[in-house]
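So you can see what is in the structure, the chains are spelled out below.
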Amino acid sequence: MIKFSYSLNVPSGDLADRFGISSSLGLNFSIKTKKNLFFGVDAGFIFGNNIKENGILDSLKTSSGFIIEQNGNPATVRLFERGYTASIHIGKLFRLWSKNKSSGLLLYGGSTYFQHKIKIDDIGRQSPQLTKGYLKGYDRLTSGFGFHEFIGYMYLGSNRILNFFAGFDFTQGFTKSQRSYNYDTMKADADNRLDMLSGIRIGWILPLYKATPQQYYYQ
(Lines give C-alpha, C1' and ligand atoms only; values in the text may rest on other atoms or scores of the structure.)
Protein backbone atom coordinates (compact mmCIF):
# COMPACT_ATOMS: atom_id res chain seq x y z
CA MET A 1 0.00 0.00 0.00
CA ILE A 2 0.94 3.61 -0.49
CA LYS A 3 -0.50 5.90 2.17
CA PHE A 4 -0.48 9.70 1.99
CA SER A 5 -1.28 11.43 5.27
CA TYR A 6 -1.66 14.68 7.14
CA SER A 7 -1.13 14.99 10.92
CA LEU A 8 -1.84 17.72 13.45
CA ASN A 9 0.78 17.34 16.20
CA VAL A 10 0.90 18.40 19.84
CA PRO A 11 4.40 18.43 21.42
CA SER A 12 5.22 17.24 24.91
CA GLY A 13 8.32 16.56 26.97
CA ASP A 14 11.31 18.76 26.11
CA LEU A 15 9.87 19.51 22.68
CA ALA A 16 7.02 21.51 24.24
CA ASP A 17 9.56 24.05 25.55
CA ARG A 18 10.72 24.76 22.00
CA PHE A 19 7.66 24.41 19.74
CA GLY A 20 3.90 24.61 19.81
CA ILE A 21 1.37 22.76 17.66
CA SER A 22 2.73 21.68 14.27
CA SER A 23 1.67 19.79 11.16
CA SER A 24 3.23 16.99 9.17
CA LEU A 25 2.85 15.34 5.79
CA GLY A 26 3.57 11.65 5.60
CA LEU A 27 4.31 8.93 3.07
CA ASN A 28 4.07 5.26 4.04
CA PHE A 29 4.83 2.03 2.22
CA SER A 30 3.54 -1.21 3.77
CA ILE A 31 3.02 -4.83 2.84
CA LYS A 32 -0.03 -6.66 4.21
CA THR A 33 0.05 -10.42 4.48
CA LYS A 34 -2.91 -12.80 4.20
CA LYS A 35 -3.01 -12.90 8.01
CA ASN A 36 -3.42 -9.10 8.13
CA LEU A 37 0.11 -8.47 9.40
CA PHE A 38 1.78 -5.25 8.29
CA PHE A 39 5.44 -4.53 7.58
CA GLY A 40 6.52 -1.13 6.34
CA VAL A 41 8.46 2.10 6.33
CA ASP A 42 7.19 5.59 7.04
CA ALA A 43 8.54 9.12 6.49
CA GLY A 44 7.09 12.41 7.65
CA PHE A 45 7.95 16.08 7.07
CA ILE A 46 7.19 18.31 10.08
CA PHE A 47 6.49 22.02 9.73
CA GLY A 48 5.06 24.85 11.82
CA ASN A 49 5.52 28.46 12.90
CA ASN A 50 4.77 28.25 16.63
CA ILE A 51 8.20 28.85 18.17
CA LYS A 52 8.39 29.09 21.96
CA GLU A 53 12.18 29.30 22.20
CA ASN A 54 12.06 32.68 20.49
CA GLY A 55 14.90 34.50 22.28
CA ILE A 56 17.67 32.84 20.33
CA LEU A 57 18.43 35.99 18.28
CA ASP A 58 18.20 38.54 21.11
CA SER A 59 21.98 38.95 21.23
CA LEU A 60 21.89 40.24 17.64
CA LYS A 61 19.24 42.88 18.26
CA THR A 62 19.72 46.56 19.00
CA SER A 63 18.24 48.28 22.04
CA SER A 64 15.19 48.98 19.88
CA GLY A 65 14.64 45.25 19.33
CA PHE A 66 15.73 45.04 15.69
CA ILE A 67 18.41 43.16 13.77
CA ILE A 68 20.10 45.66 11.46
CA GLU A 69 20.92 44.45 7.94
CA GLN A 70 23.90 45.55 5.85
CA ASN A 71 22.10 48.60 4.42
CA GLY A 72 21.33 49.93 7.88
CA ASN A 73 17.64 49.00 7.82
CA PRO A 74 15.75 46.73 10.23
CA ALA A 75 15.81 43.16 8.93
CA THR A 76 12.70 41.03 8.68
CA VAL A 77 13.46 37.68 10.29
CA ARG A 78 10.97 34.87 10.80
CA LEU A 79 11.31 31.61 12.72
CA PHE A 80 9.77 28.29 11.71
CA GLU A 81 9.79 24.71 12.90
CA ARG A 82 11.20 22.14 10.50
CA GLY A 83 11.85 18.46 11.01
CA TYR A 84 11.27 14.93 9.83
CA THR A 85 10.80 11.37 11.01
CA ALA A 86 11.84 8.14 9.30
CA SER A 87 10.45 4.90 10.72
CA ILE A 88 10.15 1.17 10.23
CA HIS A 89 7.16 -0.63 11.70
CA ILE A 90 5.25 -3.86 12.19
CA GLY A 91 1.56 -4.11 12.96
CA LYS A 92 -1.71 -5.92 12.57
CA LEU A 93 -5.20 -5.24 11.28
CA PHE A 94 -8.07 -6.51 13.45
CA ARG A 95 -11.44 -6.97 11.77
CA LEU A 96 -14.33 -5.47 13.70
CA TRP A 97 -17.96 -5.68 12.59
CA SER A 98 -17.23 -5.31 8.90
CA LYS A 99 -17.40 -8.24 6.46
CA ASN A 100 -14.55 -6.57 4.59
CA LYS A 101 -11.41 -8.56 5.44
CA SER A 102 -9.17 -5.56 4.76
CA SER A 103 -10.89 -3.05 7.04
CA GLY A 104 -10.82 -2.65 10.79
CA LEU A 105 -8.65 -1.56 13.72
CA LEU A 106 -5.05 -0.96 12.66
CA LEU A 107 -2.24 -1.07 15.22
CA TYR A 108 1.45 -0.72 14.44
CA GLY A 109 4.68 0.46 16.00
CA GLY A 110 8.40 0.47 15.49
CA SER A 111 11.62 2.44 15.68
CA THR A 112 12.11 5.94 14.31
CA TYR A 113 14.74 8.57 13.62
CA PHE A 114 13.54 12.03 14.69
CA GLN A 115 15.16 15.34 13.70
CA HIS A 116 14.03 18.93 14.20
CA LYS A 117 15.40 22.45 14.15
CA ILE A 118 14.43 26.12 14.14
CA LYS A 119 14.52 27.47 10.58
CA ILE A 120 15.68 31.10 10.56
CA ASP A 121 14.41 32.94 7.50
CA ASP A 122 16.09 36.29 6.83
CA ILE A 123 13.77 37.90 4.30
CA GLY A 124 15.95 39.44 1.58
CA ARG A 125 19.08 37.78 2.97
CA GLN A 126 20.77 41.10 3.71
CA SER A 127 21.96 40.36 7.28
CA PRO A 128 25.62 39.26 7.49
CA GLN A 129 24.93 37.99 11.04
CA LEU A 130 22.57 35.39 9.58
CA THR A 131 24.56 33.97 6.69
CA LYS A 132 24.60 30.21 6.28
CA GLY A 133 27.71 29.62 8.37
CA TYR A 134 26.36 31.55 11.38
CA LEU A 135 22.87 30.03 11.32
CA LYS A 136 24.19 26.74 12.66
CA GLY A 137 24.97 28.47 15.93
CA TYR A 138 21.32 29.41 16.44
CA ASP A 139 19.12 26.78 14.75
CA ARG A 140 19.09 24.18 17.60
CA LEU A 141 19.47 21.22 15.23
CA THR A 142 18.49 18.17 17.29
CA SER A 143 18.10 14.49 16.43
CA GLY A 144 18.07 10.95 17.76
CA PHE A 145 16.34 7.59 17.67
CA GLY A 146 13.12 6.58 19.35
CA PHE A 147 9.76 4.93 18.85
CA HIS A 148 6.64 5.51 16.76
CA GLU A 149 3.11 4.09 17.24
CA PHE A 150 -0.25 4.38 15.49
CA ILE A 151 -3.74 3.23 16.42
CA GLY A 152 -6.73 3.88 14.21
CA TYR A 153 -9.24 2.63 11.66
CA MET A 154 -8.45 1.60 8.11
CA TYR A 155 -10.98 1.06 5.34
CA LEU A 156 -10.35 -0.43 1.91
CA GLY A 157 -13.40 -0.32 -0.31
CA SER A 158 -14.32 -3.23 -2.51
CA ASN A 159 -14.48 -0.82 -5.47
CA ARG A 160 -10.77 0.05 -4.92
CA ILE A 161 -11.60 3.78 -4.93
CA LEU A 162 -12.72 4.63 -1.39
CA ASN A 163 -9.67 3.82 0.73
CA PHE A 164 -8.75 5.80 3.85
CA PHE A 165 -7.44 5.65 7.40
CA ALA A 166 -7.63 7.85 10.50
CA GLY A 167 -6.29 7.57 14.02
CA PHE A 168 -3.83 8.68 16.63
CA ASP A 169 -0.09 8.98 16.07
CA PHE A 170 2.65 8.97 18.74
CA THR A 171 6.40 9.61 18.54
CA GLN A 172 9.02 9.52 21.29
CA GLY A 173 12.56 10.62 20.44
CA PHE A 174 15.64 10.28 22.65
CA THR A 175 17.55 13.17 21.12
CA LYS A 176 20.54 15.45 21.58
CA SER A 177 21.77 18.69 20.05
CA GLN A 178 23.83 18.19 16.89
CA ARG A 179 25.57 21.57 17.20
CA SER A 180 28.87 21.87 19.03
CA TYR A 181 28.13 25.41 20.24
CA ASN A 182 25.17 27.77 20.60
CA TYR A 183 26.16 31.38 19.92
CA ASP A 184 23.36 32.95 21.96
CA THR A 185 24.03 30.97 25.14
CA MET A 186 27.80 30.90 24.50
CA LYS A 187 28.04 27.23 25.45
CA ALA A 188 27.43 23.76 24.09
CA ASP A 189 24.15 21.98 24.76
CA ALA A 190 25.06 18.47 25.93
CA ASP A 191 21.76 17.60 27.63
CA ASN A 192 19.82 14.50 26.72
CA ARG A 193 16.26 15.24 25.61
CA LEU A 194 12.94 13.41 25.44
CA ASP A 195 11.03 14.95 22.53
CA MET A 196 7.48 13.67 22.03
CA LEU A 197 4.69 14.27 19.54
CA SER A 198 1.12 13.06 19.63
CA GLY A 199 -1.65 13.90 17.24
CA ILE A 200 -4.44 13.03 14.86
CA ARG A 201 -3.48 11.45 11.54
CA ILE A 202 -5.71 11.06 8.51
CA GLY A 203 -4.93 9.92 5.01
CA TRP A 204 -5.76 8.29 1.70
CA ILE A 205 -4.57 4.86 0.60
CA LEU A 206 -3.48 3.70 -2.81
CA PRO A 207 -3.70 -0.11 -2.75
CA LEU A 208 -1.47 -2.04 -5.14
CA TYR A 209 -2.77 -5.53 -5.75
CA LYS A 210 -0.52 -8.49 -6.36
CA ALA A 211 -1.82 -11.80 -7.65
CA THR A 212 -5.25 -11.65 -5.93
CA PRO A 213 -7.52 -8.95 -4.45
CA GLN A 214 -6.62 -10.25 -0.98
CA GLN A 215 -2.96 -9.17 -1.28
CA TYR A 216 -2.13 -5.47 -0.90
CA TYR A 217 0.93 -3.26 -0.94
CA TYR A 218 0.95 0.11 0.78
CA GLN A 219 3.22 3.11 0.72
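Going by the structure above, here's the rest.
Residues numbered from 1 in each chain as written. Predicted model: local features only at pLDDT ≥ 70, side-chain atom pairs only at ≥ 80, totals over all residues. Heavy atoms only, no water.

Let's talk about the nonpolar core
Among the nonpolar cores identified, the biggest contains 16 residues, and Leu57, Leu79, Ile118 and Ile120 are the most heavily contacted of them. Residue contributions to this core peak at three residues, all from strand S5 (residues 104-123). The next biggest cluster of nonpolar side chains, apart from the first, holds ten residues, and it includes Met1, Phe38, Leu93 and Met154. (Core = buried A, V, L, I, M, F, W, Y, C linked by side-chain atoms within 4.5 Å. Buried < 20%, exposed > 50% of the residue type's maximum accessible area, 1.4 Å probe, protein only. Helix = DSSP H or I, 4+ residues; strand = E, 2+ residues; numbered from the N terminus.)

Some remarks on a nonpolar patch on the surface
A cluster of nonpolar side chains, namely Tyr6, Leu8, Val10, Ile21, Leu25, Phe94, Leu107, Ile151, Phe168, Phe170, Ile200 and Ile202, defines an oily patch on the protein surface of about 1,000 Å² accessible area. Those elements that place two or more of their residues in the nonpolar patch are strand S1 (2-13), strand S7 (163-177) and strand S8 (193-206). Residue classification places Phe168 among the partly exposed residues on the basis of a relative accessible area of 48%. (Patch = residues over 30% accessible without salt bridge, like charges linked within 9 Å, V, L, I, M, F, W, Y side chains within 5 Å. Areas by Shrake-Rupley, 256 points an atom, 1.4 Å probe, with all protein chains shown as cover. Salt bridge = Lys/Arg side-chain N within 4 Å of Asp/Glu carboxyl O.)

So, the pairing of strand S6 (residues 142-156)
Pairing between S5 and S6: 13 bridges, direction antiparallel. Within S6, the position partnered with Leu107 by the bridge is Ile151. Alignment of S6 against S7, held across 15 bridges, turns out to be antiparallel. If you follow Ile151 over to S7, its bridge partner there is Phe168. (Pairing = 2+ DSSP bridges.)

Here's the deal with the pattern of salt bridges
Summed over all chains, the structure comprises eight salt bridges. When the shortest N-O distance is used, the salt bridge between Arg140 and Glu53 registers 2.9 Å. You can see Arg140 sitting in the loop between helix H1 (132-135) and S6 and its partner Glu53 sitting in the loop between strand S3 (37-48) and strand S4 (76-94), a full 87 residues away along the chain. You can call Arg140 buried: its relative accessible area is 6%. When its relative accessible area of 22% is taken as the criterion, Glu53 is described as partly exposed. What emerges from the salt-bridge pattern is a single network uniting Arg18, Glu53, Arg140 and Asp184.

Examining the pairing of S1
In this structure, S1 lies alongside strand S2 (residues 22-32), joined through eight bridges in antiparallel fashion. By the bridge assignment, Ile2 is partnered in S2 with Phe29. Pairing of S1 with S8, which is carried by twelve bridges, proceeds in the antiparallel orientation. Within the sheet, the bridge partner assigned to Lys3 lies in S8 and is Ile205.

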